[in-house]
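Next come the chains, spelled out residue by residue.
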Amino acid sequence: MSGRLPPLNPLRAFEATARHGSLTKAAAELSVTHGAVSHQIKALEATLKVKLFERAGQRLKLTPHGAELLPAVSGAFEGIAAATARLTRPTGAGALTVSVVPALLSLWVIPRIGSFVAQYPNIRLKLRASNDPQDMRSPDVDLCVHYGDRDWSDCWFRKWSDLELFPVASPTLINNRPLRTVRDLADHVMLHGDDGREWHTWLAAADGLELPRGPQLQMSDARLSTEAALHGHGVALGDSVTASGLLARGQLVTPFNLAVPAVDSFYVACRGQMRSAPVVQAFIDWIFAGRDAAASRGETAVAGQIGIRKRRSARAAAG
């Protein structure tokens, strides 16, 4: 790839000249002579075999070729500048309070948090298990990693991950009380981490809404329902992010091969004035890098063993 790129100095001269519309101003910014900038631009034009500027009175104007090249060059230099700033600014000290969805905090963040502490040993990090929307505007919270529908119009936010939902249970439970079909769920305790909507969504996809139900156990969040499943107390709905490590280690299994998209997603969000705080940016960089590293290692949910055959509608059967 690098063999096909023009030299860096001519690109810098081109970007500065295009921004200022002047060889003289570009030379002053780059601390070189007017002639040096002119030479670099001519060298770039010779390399690309196109004309990049044309004279318009006292200013230089981009040709169509120059206008096409400029956004890519400007974006590349902005990216380099931003990365350099992140490396050199004082992100290594200060206090930071982060509010994280309880299940994500316990099952994804905590297992990885040692790398953040090692990278930023002087950041006094406080982690709060919460998915309360009020945290977004609380002066006691600097950053949130929440599950929601991005209804934070006055805040900065960025999607961290979508997720899918599927039943999970401990291997011991499945061995002692098999789950061969969706109907067998009636012989198990159904563990809820919400008001029942997520199980309803999954059962609808599995054509299981009319099937008999066993005992129901309601909990305040998905972390508790997942922990109950780990202890063999029933079948919970896991997700493709927080359950991935437990599935990979064999602590949980997914008995069915049907997953449904979650209604909402995980978002990283904060008040606008906190976005530029170095300690906040440090955590944002860390959690997105961790997500990308997990994806590159293939840390995704393992398909279940039981296929679910969807019933055809009467119209489809008639056809």
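Residues numbered from 1 in each chain as written. Predicted model: local features only at pLDDT ≥ 70, side-chain atom pairs only at ≥ 80, totals over all residues. Heavy atoms only, no water.

### Focus: the side chain of Ser225
Where we set the bar: For the purposes of this entry, the term helix denotes a DSSP run of H or I that reaches at least four residues, the term strand denotes a run of E that reaches at least two, and both are numbered from the N terminus. The buried label applies to any residue whose accessible area, calculated with a 1.4 Å probe on protein chains only, is under 20% of its type's maximum; exposed applies above 50%, and partly exposed to all values in between. Contacts described as polar in this section are N or O atom pairs within 3.5 Å, which, within protein, must combine one atom able to donate a hydrogen with one able to accept it, while residues neighboring in sequence count only if both atoms come from side chains.
Locating Ser225 in the fold gives a position in helix H8 (residues 222-230). The exposure class of Ser225 is buried, given its relative accessible area of 2%. There is a polar contact of 3.0 Å between the side chain of Ser225 and the backbone oxygen of Ala222.

### What about the packing of helix H1 (residues 8-20) against helix H3 (residues 34-48)?
Condition: Geometry is summarised by axes, namely lines fitted to C-alpha atoms with helices restricted to the contacting stretch, and by angles between N-to-C directions that run from 0 to 180 degrees. Roughly parallel here means an angle under 35 degrees, roughly antiparallel means over 145, roughly perpendicular means 65 to 115, and every remaining angle is called oblique. We call a crossing left-handed when the near helix sits turned anticlockwise from the far one by less than a right angle, and right-handed when that turn is clockwise. Note on contacts: a residue pair is in contact if any heavy atoms of the two residues lie within 4.5 Å. Any residue outside Ala, Val, Leu, Ile, Met, Phe, Trp, Tyr, Cys, Pro, Asp, Glu, Lys and Arg is labelled polar, Gly included; the first ten of those are nonpolar and the last four are charged.
Relative orientation of the contacting elements H1 and H3 amounts to 110 degrees, with a least axis distance of 8 Å. Relative to H3, H1 is oriented roughly perpendicular. As for the relative orientation of H1 and H3, their crossing is left-handed in sense. Between H1 and H3, the residues in contact are Asn9, Pro10, Leu11, Ala13, Phe14 and Thr17 and Val37, Gln40, Ile41 and Leu44, respectively. Residues belonging to the contact of H1 with H3 are distributed by class as follows: seven nonpolar, three polar and no charged.

### A closer look at the sheet that holds strand E10 (residues 236-239)
The criterion, for reference: Should DSSP find at least two bridges between two strands, the strands are regarded as paired.
With antiparallel pairing, three strands are arranged side by side in an open sheet as E10-E7-E11. Each edge of the open sheet is held by one strand with a lone partner, namely E10 and strand E11 (260-261). In the packing of helix H7 (residues 197-205) onto the sheet, the strands contacted are strand E7 (164-168), E10 and E11, and the crossing angle to E7 comes to about 85 degrees.

### A word on empty space enclosed by the protein
Rules: Site definitions follow a grid-based scheme: protein atoms alone, a 1 Å grid, a 1.4 Å probe that fits but cannot get out for cavities, and for pockets an open set with protein on both sides within 12 Å along at least five of seven lines, plus lining residues having an atom within 4 Å of a point. Grid points are joined across faces, edges and corners, and a volume is the space filled by probe spheres set on the points.
Counted by the stated rule, this structure contains one cavity of 30 Å³ or more. Of the voids in this model, the largest cavity is the one considered here, and its volume is about 60 Å³. Every residue lining the largest cavity is listed: Val182, Arg183, Leu185, Ala186, Met190, Leu203, Gly208, Leu211, Pro212, Arg213 and Gly214. When the residues that make up the lining of the largest cavity are grouped by side-chain class, the tally is seven nonpolar, two polar and two charged.

### Some remarks on the nonpolar core
Selection rule: Here, nonpolar core means buried Ala, Val, Leu, Ile, Met, Phe, Trp, Tyr and Cys residues that are tied together by side-chain atoms lying within 4.5 Å of each other.
Ranked by internal contacts, the top residues of the largest apolar core, which has 49 residues, are Leu104, Trp160, Leu185, Trp202, Val280, Phe283 and Ile287. Secondary structure elements with two or more residues in this core: strand E3 (94-100), helix H5 (102-119), strand E5 (143-148), helix H6 (171-176), H7, strand E12 (265-271) and helix H10 (278-296). With eight residues, H10 is the largest single contributor of residues to this core. Residues contacting Phe283, with those up to four places away along its chain left out, are Leu96, Val98, Ile113, Phe116, Leu125, Leu127, Leu143 and Val145. Ranked by size, the runner-up nonpolar core spans 16 residues in total, among them Leu23, Ala26, Val37 and Leu44.

### Some details on H10
Operational definition: In this analysis, the expected span of each helix is defined as 1.5 Å times one less than the number of residues it contains.
Look at H10: 27 Å from first C-alpha to last across 19 residues, which is about the 27 Å you get at 1.5 Å a residue. Those residues of H10 not exposed but buried are Val279, Val280, Gln281, Ala282, Phe283, Ile284, Trp286, Ile287, Phe288, Gly290 and Ala294.

### Section: helix H2 (residues 23-30)
Because the α-helix completes a turn every 3.6 residues, residues three or four places apart line up on one side. Quick reminder of the rule: Arc definition: it is the arc formed by the directions from the helix axis to the C-beta atoms.
Those residues of H2 lying buried are Leu23, Ala26 and Ala27. Relative to the axis of H2, the buried residues are bounded by an arc of 100 degrees and lie together on one face. Residues Thr24 and Ala28 are exposed on H2 and point more than 90 degrees away from its buried face.

### Overview of the environment of Val280
Its place among the elements puts Val280 in helix H10. According to the relative accessible area criterion, Val280 is buried, its value standing at 0%. In the structure, Val280 is positioned 137 residues away from Leu143 in sequence and 6.7 Å away in space, judged by C-alpha atoms. Excluding residues that lie within four positions of it along the chain, Val280 makes contacts with Leu96, Asp142, Leu143, Cys270, Met274 and Arg275.

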